[in-house]
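The residues making up each chain are set out below.
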Amino acid sequence: MAHGAHRSPLLPPHPDLGLARDCEVCLGWGTVVTRDGEHELCHACQTVADDDAGAARIDS
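Keep in mind the model is a prediction, meaning the values are calculated, not measured.

Chemist: Would you mind going over the nonpolar core with me for this structure?
Modeler: As a rule of thumb, soluble globular proteins bury nonpolar side chains together. Core analysis: the biggest nonpolar cluster contains five residues, these being Ala20, Cys23, Cys26, Cys42 and Cys45. When sequence neighbours within four positions are dropped, the list of residues in contact with Cys23 reads Gly28, Cys42, Ala44 and Cys45.

Take a look at the structure:
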């Protein structure tokens, strides 16, 4: 029997796909799935701003 993903009250992270385009870790998706089944921003291609450790880099 196949089981679907569990519903989460949290929205999935929004990666910068321009940064993720050639990433071999996330294969261009910008996010990875943890062992707990949660989506996280890819640590290899999605950089974190130095002044705000909780937010992903956003280019204007």
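Next comes the rest of the write-up.
Chemist: Honestly, the confidence of the model for the protein in this entry has me stumped. Any pointers?
Modeler: As a note on interpretation, predicted positions should not be read in detail where pLDDT is low. Of all residues in the protein, 65% attain a pLDDT of 70 or more, and the chain-wide mean is 78. Looking across the protein, the model is least confident in strand β2 (residues 39–41), with a mean pLDDT of 91, and most confident in helix α1 (residues 17–20), with 94.

Chemist: I would appreciate a short explanation of the side chain of Thr31 in the present structure.
Modeler: Among the structural elements, Thr31 can be located in strand β1 (residues 31–33). For Thr31, the contacting residues outside a window of four places in its chain are Pro13, Pro15, Cys26, His39, Glu40, Leu41 and Cys42.

Chemist: Explanation requested: the environment of Gln46 in the structure shown.
Modeler: Mapped onto the fold, Gln46 is located in the segment after β2. With relative accessibility at 6%, the residue Gln46 sits in the buried group. Each C-alpha atom of the pair Gln46 and Thr31 lies 8.4 Å from the other, and the pair is 15 residues apart in sequence. Filtering out sequence-adjacent residues up to four positions away, Gln46 remains in contact with Pro15, Asp16, Leu19, Ala20, Gly30 and Leu41. In terms of polar contacts, Gln46 uses its side chain to reach the backbone amide nitrogen of Asp16, at 2.9 Å.

Criteria and thresholds
- Residues numbered from 1 in each chain as written.
- Predicted model: local features only at pLDDT ≥ 70, side-chain atom pairs only at ≥ 80, totals over all residues.
- Heavy atoms only, no water.
- Core = buried A, V, L, I, M, F, W, Y, C linked by side-chain atoms within 4.5 Å.
- Buried < 20%, exposed > 50% of the residue type's maximum accessible area, 1.4 Å probe, protein only.
- Contact = heavy atoms within 4.5 Å.
- pLDDT = per-residue confidence, 0-100.
- Helix = DSSP H or I, 4+ residues; strand = E, 2+ residues; numbered from the N terminus.
- Polar contact = N/O pair within 3.5 Å; in protein donor to acceptor, adjacent residues only side chain to side chain.

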